[in-house]
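Residues per chain are reported as follows:
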Amino acid sequence: MTRMFGRRAILAAASLPLLPAIARAQSDWPNRPVRIIVPFPPGQASDIVTRLVADELSRRWPQRVVVENRAGGAGSPALEAGARSAPDGYTLIAGTSGTLGVNPSVLPRLPYDAEKDFAAISNVAMVPLLVIAHPSLPYNTMQELAAAARAQPGALDMASAGPATSQHMAAELLMLRANIRFNIVHYRGSGPAIADVIAGNVKLMTDSVASALPHIREGRVKAIALCSARRVPQLPDVPTIAETLVPGYEAAGWSGLVAPAGTPPEIIHRINADVVAVLRDPAIAARIASMAMVADPGTPEEYGAFIRNEIAKWREVARAANVRLEG
């Protein structure tokens, strides 16, 4: 015991000269550019809102904030690279409903731990989803749609943007919670899926408000109900599924910021304070709303709890619906 104590004392004494250097590194952060890894190509929703925040942070900080796109592999390579980066505040990662919420339950060999490998900073934006239909479908409410699905389980086709996408998981959650069954038809992306709904080849789809809104306004599809917890200003007359069919139902896409685990709390809270200030700027919030998204700032603790809840929710859905991806 004495020997162990002596060894610890020696190690502690040896580390003392490093403490001022670590403190200085934190106090003058950032003294070089900060990068944000985005696990998708340019132009995707997460990329757009991340770039918006990065530009604003570049104006507030003495260093530039650069966005690095690393697309592919359902976002896994990007998240793995972020998790392995130095926890010094100079690498941030855009964590999303897919990479942090769904992937842990559907990818059998995930190269990162969504709960342990990252330090939560703040959510940035929610991406509301909704159920849409071809105008010829004779159902206009979730109650009518559910009644039809119960009368003939699996008879109604529902388009999906692809396996394990937020659109697909929202549909699976709806079927699980409402005890109904649609026949899910997977496409390679939202674009081809909604094109087939517009053509009337498939009558139903769960899609993002951003993607569906122009088609709703032009009358090419009709909105049945929102998957979000609250109504959205772009479609004030469209009710939520929670209002009309399944109390407590909520499904949405989202994108936020995390850092590698072990990043000093002082830096995490500094970044959080500035991100929250950016997102609470009325002009920035309005720009995000113009893209049919909702600014969603919060504390690191709130975002961390949110991520854990999302993982638990989608784990239940993935098990019940047997949703698995190769990789």
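Residues numbered from 1 in each chain as written. Predicted model: local features only at pLDDT ≥ 70, side-chain atom pairs only at ≥ 80, totals over all residues. Heavy atoms only, no water.

*Asks:* Explain the environment of Val294 to me, please; I cannot follow it from the model alone.
*Replies:* Turning to its location among the elements, Val294 is positioned in strand β10 (residues 294-295). Exposure remark for Val294: the relative accessible area of 36% places this residue in the partly exposed category. Distance in space between the C-alpha atoms of Val294 and Ala312 is 23 Å, their sequence separation being 18 residues. Setting aside its immediate chain neighbours within four residues, Val294 contacts Val124, Ala125, Met126, Pro128 and Ile288. (Helix = DSSP H or I, 4+ residues; strand = E, 2+ residues; numbered from the N terminus. Buried < 20%, exposed > 50% of the residue type's maximum accessible area, 1.4 Å probe, protein only. Contact = heavy atoms within 4.5 Å.)

*Asks:* Sorry if this is basic, but what is going on with the side chain of Lys313 here?
*Replies:* Structurally, Lys313 is set in helix α13 (residues 300-321). Judged by relative accessible area, Lys313 falls into the buried class, the value being 18%. For Lys313, the contacting residues outside a window of four places in its chain are Leu173 and Glu250.

*Asks:* Would you mind showing me how to read empty space enclosed by the protein here?
*Replies:* It is a probe the size of a water molecule, rolled over the atoms, that shows where empty space is left. Following the criterion strictly, the structure yields one cavity of 30 Å³ or more and no others. There is about 60 Å³ of room inside the largest cavity. Lining the largest cavity we find Ser97, Gly98, Val102, Leu129, Ser166, Met169, Ala170, Ala251, Ala252 and Trp314. For the lining of the largest cavity, the elements supplying multiple residues, two or more each, are α5 (97-106) and α7 (166-178). Looking at side-chain class alone, the lining of the largest cavity contains seven nonpolar, three polar and no charged residues. (1 Å grid on protein atoms, 1.4 Å probe; cavity = no way out; pocket = protein on both sides within 12 Å on 5 of 7 lines; lining within 4 Å. Points joined across faces, edges and corners; volume = space filled by probe spheres on them. Nonpolar A, V, L, I, M, F, W, Y, C, P; charged D, E, K, R; others polar.)

*Asks:* Explanation requested: helix α11 (residues 265-279) in the structure shown.
*Replies:* An α-helix turns once per 3.6 residues; consequently, residues spaced three or four apart project the same way. In this model α11 runs 21 Å from its N-terminal to its C-terminal C-alpha over 15 residues, within 8% of the 21 Å that 1.5 Å per residue would give. Looking only at α11, the buried set comprises Ile267, Ile268, Ile271, Asn272, Asp274, Val275, Val276, Val278 and Leu279. (Expected span 1.5 Å × (residues − 1).)

*Asks:* What exactly am I supposed to notice about the pattern of salt bridges here?
*Replies:* Under the definition given, this model contains 11 salt bridges. Across the pair Glu56 and Arg59 runs a salt bridge, and its minimum N-O distance is 2.7 Å. Residue Glu56 and its partner Arg59 are both found in helix α3 (residues 45-60); the two are separated by three residues, about one turn of the helix. By relative accessible area, Glu56 is classed as buried at 16%. The exposed category is assigned to Arg59, whose relative accessible area is 62%. Its salt-bridge partner being Arg70, residue Glu68 comes within 2.5 Å of it at the nearest N-O pair. (Salt bridge = Lys/Arg side-chain N within 4 Å of Asp/Glu carboxyl O.)

*Asks:* I'm lost on the pairing of strand β1 (residues 34-38) in this one. Help?
*Replies:* Successive residues of a regular strand alternate their side chains across the two faces of the sheet. Buried residues dominate β1, accounting for four of its five residues. Where β1 lies against strand β2 (residues 65-69), five bridges are found, and the strand directions are parallel. Paired with Val38 across the bridge in β2 is Asn69. For the crossover that starts at β1, traverses α3 and ends in the parallel β2, the hand is right-handed. Inspection of the sheet shows β1 paired to strand β3 (residues 91-96) by three bridges, in the parallel sense. Each bridged residue has a counterpart across the sheet, and for Ile36 the counterpart in β3 is Leu92. (Pairing = 2+ DSSP bridges. Right-handed = clockwise from strand over helix to strand, strands pointing away.)

*Asks:* Sorry if this is basic, but what is going on with the layout of surface pockets here?
*Replies:* The computed volume of the largest pocket comes to approximately 880 Å³. Surrounding the largest pocket, 42 residues form its lining, Phe40, Gln44, Thr165, Ser166 and Gln167 being those nearest its centre. When contributions to the lining of the largest pocket are tallied by element, the ones reaching two or more residues are α3, α5, β4 (118-133), α7, α8 (190-199), β7 (204-208), α9 (209-217) and β9 (252-260). Sort the elements by how many residues they give to the lining of the largest pocket and α5 lands first, with four residues. Its residues assigned to classes, the lining of the largest pocket shows 18 nonpolar, 22 polar and two charged. Here the second largest pocket defines a volume of roughly 270 Å³. Elements with a contribution of two residues or more to the lining of the second largest pocket: β4 and β10. Looking at the lining of the second largest pocket residue by residue, the classes come out as nine nonpolar, one polar and four charged.

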